[in-house]
Amino acid sequence: MHMKFWALAVPVTLMGAMLNACQKKDPERKAQQDAHDVAMVERMSRAPFKPIVPSPITADVRERYGLDRAACAFRKKDGRGPLFLAGSREGFLNIAGDIKRYAAKAETAVLPGHARTTYIGLSGWADLVRLPDQGTGADQKRWPARLILHDAQERIAYTADGTVTCKG
């Protein structure tokens, strides 16, 4: 009985030694396999891409939540209600009827009314980017801009061109 166990153990030990020897002979292949495995785990751990589709913030919602105090508003070219409201401390976005709050990023450029160009949310961030304003009649309170919404994994989930209008 002791003999049978030893007979099985030897081939397993030899097989392990042979595998170790193969790995030692080709460290480059092992490094490639390790890099491939790491890349696969990273891809698998990313959440599937889900676009963000903001809706205009209506006058009723602005009044109900006191959002009419925002210093600047981004509107798409279609002229409907604002998609993003930017204040000195926070910005707001309407996603599927739910008002999302974003904190103003202090290290970004200051807009009129102390609004900022970047706002950080729980699951992403928003950027207001000024576009070239040749021939648009832009001034200090109104200019062409692009709203860019990023998801938590730094992917662009929404972008729209329009106009930023600021108070005072």
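Above this text sits the structure in question.
What comes next is a walk through the structure. As the structure is a computational prediction, the values presented were derived from the model and not from experiment. (Residues numbered from 1 in each chain as written. Predicted model: local features only at pLDDT ≥ 70, side-chain atom pairs only at ≥ 80, totals over all residues. Heavy atoms only, no water.)

## Thoughts on the nonpolar core
The biggest cluster of nonpolar side chains holds 23 residues, and the ones touching the most others in it are C72, F74, F84, L128, L147 and V164. Looking at which element gives the most residues to this core, the answer is strand β9 (residues 156-166), with 5 residues. Excluding its chain neighbours within four sequence positions, the residues that come into contact with L128 are F74, F84, A86, L111, R116, T117, R146, L147 and V164. V61, L67, A73 and F92 belong to the second largest nonpolar core, which has 7 residues in total. (Core = buried A, V, L, I, M, F, W, Y, C linked by side-chain atoms within 4.5 Å. Buried < 20%, exposed > 50% of the residue type's maximum accessible area, 1.4 Å probe, protein only. Helix = DSSP H or I, 4+ residues; strand = E, 2+ residues; numbered from the N terminus. Contact = heavy atoms within 4.5 Å.)

## Some details on the pattern of salt bridges
Per the counting criterion, the structure on display carries 6 salt bridges. The partner of D78 in a salt bridge is R80, with the nearest N and O atoms 3.9 Å apart. For D151, the salt bridge is made with R155, and the minimal N-O distance between the two is 2.8 Å. Given a relative accessible area of 19%, R155 falls into the buried group. (Salt bridge = Lys/Arg side-chain N within 4 Å of Asp/Glu carboxyl O.)

## Some thoughts on the side chain of R116
Residue position: R116 is located in the loop between β5 (98-104) and β6 (118-121). Despite its burial, R116 pairs with no opposite charge, the nearest such side chain being E107 at 7.9 Å. A polar contact is formed between the side chain of R116 and the backbone oxygen of T108, at a distance of 2.7 Å. Residues within four places of R116 in sequence aside, it is in contact with G87, A104, K105, A106, T108, A109, V110, L111 and L128. (Lys, Arg positive; Asp, Glu negative; His and termini not counted. Polar contact = N/O pair within 3.5 Å; in protein donor to acceptor, adjacent residues only side chain to side chain.)

## With respect to the pairing of strand β7 (residues 124-130)
Pairing analysis gives 4 bridges linking β6 to β7, with the strands arranged antiparallel. Across the sheet, residue I120 finds its bridge partner in β7, namely W125. Adjacent in sequence and paired antiparallel, β6 and β7 are bridged by 2 residues. Pairing of β7 with strand β8 (residues 142-151) involves 7 bridges; the strand directions are antiparallel. What sits directly across from R130, in β8, is A145. (Pairing = 2+ DSSP bridges.)

## A word on unusual backbone geometry
Most of the time, phi is negative for any residue but glycine, and the peptide bond is trans. Within the chain, H114 stands out as a residue other than glycine whose phi angle is a positive 65°. Tracing the chain through its elements places H114 in the loop between β5 and β6.

## Things to note about the state of the cysteines
All told, the structure shown has 1 disulfide when counted by the stated rule. In this model, C72 is linked to C166 through a disulfide, with the two sulfur atoms separated by 2.0 Å. Residues C72 and C166 are joined by a disulfide whose S-S torsion is about 105°; by sign, that bridge is right-handed. Of this pair, C72 sits in strand β2 (residues 72-76) while C166 sits in strand β9, and the two are 94 residues apart along the sequence. (Disulfide = S-S within 2.5 Å.)

## A few points about the packing of aromatic side chains
For any pair of aromatic rings, the description consists of the separation of the ring centres together with the inter-plane angle of the planes. In the structure shown here, the tally under the stated rule is 2 aromatic pairs. Feature note: the residues F84, Y102 and Y119 constitute an aromatic cluster, connected by ring pairs. (Phe/Tyr/Trp six-rings, centres within 6.5 Å; stacked < 30°, edge-to-face > 60°.)

Shape descriptors only; they carry no functional weight alone.
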